[in-house]
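Next come the chains, spelled out residue by residue.
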Amino acid sequence: MCENEVKVEGMEEVAEVVYEDITLTCRDCGQEFVFTAGEQAFYAEKGFKNQPKCCKACRDKKKNAERGERQYFIATCSECGGEAKLTFQPSSDRPVYCSKCFEARRSAQ
Ligand SMILES: [Zn+2]
Ligand SMILES: [Zn+2]
């Protein structure tokens, strides 16, 4: 009787993994962060074997860096006194120009 209701060991285990929130420490900033049950399920679904090494803030930061967001240096334009965004560290003995003045100078030559 009721033979169909006999649980098959092993199969059930795979189907019913119960996730619990776990606290991990971020490798980058050392802050603790929660790897939630939902995220664990998501990782398992995607087939990721590893737990995240960084907190969300650091992961987002990295994502932005991968997207090629450059670091800019803000200096004062020697021509118009406006804000000049530089992709390099400005040196004090060389004039810097904002993109507008830079373009103007280039086309004037
Ligand atoms: Zn972090
Ligand atoms: Zn300028």
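Predicted, not measured: the structure shown is a model, and the values here were computed from it.

On a plain count of helices and strands, the protein chain comes out with four helices and four strands. Within the protein chain, buried positions represent 4% of all 109 residues. Pairs at least 24 apart in sequence give 21% of the contacts found in the protein chain among residues at least 6 apart.

Here we come to the pairing of strand β2 (residues 32–35). The side chains of a regular strand alternate, residue by residue, between the two faces of the sheet. Across four bridges, the pairing between strand β1 (residues 22–25) and β2 is antiparallel. Each residue of the ladder has a partner; that of Thr 25, found in β2, is Glu 32. The turn joining β1 and β2, which pair antiparallel and follow one another in sequence, is formed by six residues; a positive phi near 75° is taken by Gly 30.

Let's shift gears to the confidence of the model for the protein chain. Counting all residues, the mean pLDDT for the protein chain is 85, and 84% of those residues have values of 70 or more. Of all the helices and strands in the protein chain, helix α1 (residues 11–15) carries the lowest mean pLDDT, 55, while β1 carries the highest, 97.

Along helix α2 (residues 37–46), only zero of the 10 residues are buried, which leaves the element largely exposed. Where α2 terminates, the next one or two residues include Gly 47, which has phi positive at roughly 85°.

Inspection of the secondary structure assignment puts Thr 23 in strand β1. Remark: the alpha-carbon pair of Thr 23 and Phe 33, spanning 10 residues in sequence, is separated by 5.6 Å.

Relative to the helices and strands, Cys 80 is located in the loop between β3 (73–76) and β4 (83–86). Note: C-alpha distance between Cys 80 and Lys 100 (20 residues apart in sequence) is 9.3 Å. Non-local contacts of Cys 80, meaning those with residues more than four positions away in its chain, are made with Cys 98 and Cys 101.

Basis of the calculations
Residues numbered from 1 in each chain as written. Chains lettered and ligands numbered in written order. Predicted model: local features only at pLDDT ≥ 70, side-chain atom pairs only at ≥ 80, totals over all residues. Helix = DSSP H or I, 4+ residues; strand = E, 2+ residues; numbered from the N terminus. Buried ≥ 20, exposed ≤ 12 C-beta atoms within 10 Å, placed from the backbone. Contact = placed C-beta atoms within 7 Å. Pairing = 2+ DSSP bridges. pLDDT = per-residue confidence, 0-100.

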